[in-house]
Amino acid sequence: MFPSEESMKIYGIALAPRGQKEKSVFDFQRAASSRDILKKGSNELYDGLLRALGDENETAKDAWVEFELKGRRYVLSATTNAEGVTRRALKEKDCDGKTEVVAREKRVNEELFRLAEKIKKDFYGNRIVMFAPLYLSNYCVNGCVYCPYHAKNKHIPRKKLSQEEIAAEVTALQDMGHKRLALECGEDPVNNPIEYVLESIKTIYSLKHKNGAIRRVNVNIAATTVENYRRLKEAGIGTYILFQETYHKSSYEKLHPTGPKHDYNWHTEAMDRAMQGGIDDVGLGVLYGLELYRYEFAALLMHAEHLEAVHGVGPHTISMPRIKRADDIDPSSFDNGISDDIFAKLCALIRISVPYTGMIISTRESAELRARVIKLGVSQISGGSRTSVGGYTEEERPEDTEQFDVSDRRTLDEVVRWLIESGYIPSFCTACYREGRTGDRFMSLLKSGQIQNCCHPNALMTLKEFLTDYASQETRAAGEKLIEDELKKIPDQKVRRIAADYIAQIENGKRDFRF
């Protein structure tokens, strides 16, 4: 049974109360430290949750957070004795206020991971959405110290794809089996104006190669104006994605010393302008390693809360990138790197805090870590990615224009087979976007659980397309067995019958069915 919209409060400490007026996150972002940012309002909950899940050897002030899940009330606590030793516990609370310990110390994390895994399964089932990045240009006028595209980097080759080169890249991506892209390019008003981005989107949507087609183009470009966001919406983009990098203002300004991105307020308020321009699916994210992860976690959820309160819908996605080596960028020169264990913990906490939001992890991370965090909440991954400009048409992976080192270098076919063998449904579905189920319409379906009636069969049909057109024999055999098993799990007999009929028609050459 899925939680009602009202019961979202039991998960969502990042959600604003229903009917609340504007509650801006920006007042809090100018605090000097995470302790300052977490002094007011619901952010004490974030602080309590993080302290209670702190590192094993870390001391903390006494903290607790009480929350509900599926009608059961829990208390998560951390208490520090006179010797500075912190003890953590997760307790269940009955209607009389009595508590019973569910887990202590290390088992607290295990129990929270279990809850995150359950929430992921309830909202997203076993579907994993597939996508690929497409880099258009690495020309950039900004001075971001963590990115090899920064303006002062004189030895990295600068490249901008022509429309003909974009067509070749898209054809290569279609031949891999991709249906969803994330457009990337540096900020340069001369080389990469909005007109170039809009023309590129038009080129991508126009290409139909064999049975291939790109059905959804998400866009990750620099903060821009309401009018430009309106033009992107009219061009048919899916999600507008913009990483905050860091919410800590003074750190942000030091990390972006030159260029238009130096303007903290302009960058941070971009999602508000995007929504004013009619884009109702937006994607947030911070670059972990630039600032203290607790601060970033709290501010990220505050931003999600702000969007929900002001615009009536929170972020469509939250990305989880960590700073990686690339060209002249050495991750060890940044002081706030996080371990795989902390990274997994953050993924679990975000899934618990914003269960309705898609979570993205790219090929920045290894295959092993991606397998770990998919269980904890990640719902979208890239596959077969190349992070260089023009990389997909090259036989050998070019590294001279990469934005970051790719850790998971498996082909898309290998990633799909791995997911299938792990019990997941690799989904190339874009039906909600093309049927107008975006923004608050998508969220209402997701929160009620009704989205499963569309997404599960749609995922199976798009997987069937991939298996028929692009998969290796080994992947196809595994995928056909998965589809056979998953069709039986569709509860509605009519939907199950229609899905099976569509899948048979795909085998016979027809394409692009959707609920």
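The numbering scheme is per chain: residues are counted from 1 as the chain's sequence reads. With the structure being a predicted model, the display of local features is reserved for residues of pLDDT at least 70 and the display and counting of side-chain atom pairs for 80 or more, all residues being used for whole-chain, interface and lining totals. Heavy atoms throughout the structure, all of them, feed into the side-chain values; hydrogens and water do not.

Considering unusual backbone geometry
Next up, step 1: A positive phi angle, close to 55°, is found at Lys210, a residue other than glycine.
Next up, step 2: Counting from the N terminus, the helices are DSSP H or I runs at least four residues long and the strands are E runs at least two residues long. Mapped onto the elements of the fold, Lys210 is located in the loop between strand S7 (208–209) and strand S8 (212–213).
Next up, step 3: A relative accessible area of 73% places Lys210 in the exposed class.
Next up, step 4: Even without a glycine there, the phi angle at Glu245 is positive, about 70°.
Next up, step 5: Here Glu245 lies in the loop between strand S10 (240–241) and helix H9 (249–255).
Next up, step 6: Categorising residues by exposure relies on relative accessible area from a 1.4 Å probe, with only protein chains included: less than 20% of the type maximum marks a residue as buried, more than 50% marks it as exposed, and the intermediate range marks it as partly exposed. A relative accessible area of 8% places Glu245 in the buried class.

Overview of the packing of aromatic side chains
Next up, step 1: When the centres of two rings from Phe, Tyr and Trp lie within 6.5 Å, Trp using its six-membered ring, the rings pair. Their planes under 30 degrees apart give stacked, over 60 give edge-to-face, and anything left gives tilted. Across all of its chains, the model carries seven aromatic pairs by this definition.
Next up, step 2: Among the aromatic residues, those joined into a cluster by ring pairs are Phe428, Phe466 and Tyr470.
Next up, step 3: A ring is considered to have a charge above it if a Lys NZ or an Arg CZ atom is located within 6 Å of its centre and within 35 degrees of its normal. In this structure, Arg273 packs its charged tip against the face of Trp266, placed 3.5 Å from the ring centre.
Next up, step 4: Over the aromatic face of Trp418 sits the side chain of Arg410, whose NZ or CZ is 4.3 Å from the ring centroid.

Quick look at the packing of helix H12 (residues 293–311) against helix H13 (residues 340–353)
Next up, step 1: Under this scheme, a helix contributes an axis fitted over its contacting stretch, all axes are lines through C-alpha atoms, and angles between N-to-C directions fall in the 0 to 180 degree range. Interaxial distance between H12 and H13 falls to 12 Å at its minimum, and their mutual angle equals 20°. Taken together, the axes of H12 and H13 are roughly parallel relative to one another. Of the two possible hands of crossing, H12 and H13 adopt the one that is right-handed. Between H12 and H13, the residues in contact are Tyr293, Phe297, Leu300 and Leu301 and Ile342, Leu346, Leu349, Ile350 and Ser353, respectively. For classification purposes, an angle smaller than 35 degrees is called roughly parallel, one larger than 145 roughly antiparallel, one from 65 to 115 roughly perpendicular, and anything else oblique. Take the far helix as the reference: if the near one is turned anticlockwise from it by less than a right angle, the crossing is left-handed, and if turned clockwise, right-handed. Any two residues having at least one pair of non-hydrogen atoms within 4.5 Å are treated as being in contact.

With respect to H13
Next up, step 1: End to end, H13 covers 20 Å across 14 residues, agreeing with the expected 20 Å (1.5 Å per residue, within 8%).
Next up, step 2: Among the residues of H13, those classed as buried are Ile342, Phe343, Ala344, Lys345, Leu346, Cys347, Ala348, Leu349, Ile350, Arg351, Ile352 and Ser353. What a helix is expected to span follows from its residue count: subtract one and scale by 1.5 Å.

Side note on the pairing of strand S5 (residues 127–137)
Next up, step 1: Within S5, eleven of the eleven residues are buried, which leaves the element mostly enclosed by the surrounding structure.
Next up, step 2: DSSP-based pairing: two strands are paired if at least 2 bridges between them are found. When S5 meets strand S15 (residues 425–427), the two strands line up parallel, connected through three bridges. Its bridge partner lying in S15, Ile128 is registered against Pro426.
Next up, step 3: Here S5 pairs with strand S14 (residues 380–382) via three bridges, running parallel. Within the sheet, the bridge partner assigned to Val129 lies in S14 and is Gln380.
Next up, step 4: Here, the term right-handed applies to a crossover whose path from the first strand over the helix to the second runs clockwise when the strands point away from the viewer. Crossover handedness for the path S5 to helix H6 (residues 163–176) to strand S6 (residues 180–185): right-handed.

Details of the nonpolar core
Next up, step 1: The set of buried Ala, Val, Leu, Ile, Met, Phe, Trp, Tyr and Cys residues whose side-chain atoms join them within 4.5 Å is what this entry labels a nonpolar core. Membership of the largest hydrophobic core comes to 130 residues, with the highest contact counts inside it found for Leu232 and Ile381.
Next up, step 2: Broken down by element, the residue count for this core peaks at nine residues, all from H13.
Next up, step 3: Aside from chain neighbours lying at most four places away, what touches Leu232 is Ile194, Val197, Leu198, Ile201, Ile221, Ile237 and Ile279.

A few points about the pairing of strand S9 (residues 216–220)
Next up, step 1: Judged by how many residues are buried, S9 sits mostly within the fold: five of five residues are covered.
Next up, step 2: Residue alternation in S9 divides its side chains into two sets, Arg216, Asn218 and Asn220 and Val217 and Val219, and both sets are buried.
Next up, step 3: Where S6 meets S9, five bridges bridge the pair, whose relative direction is parallel. When the sheet's bridge partners are listed, Leu183 is paired in S9 with Val219.

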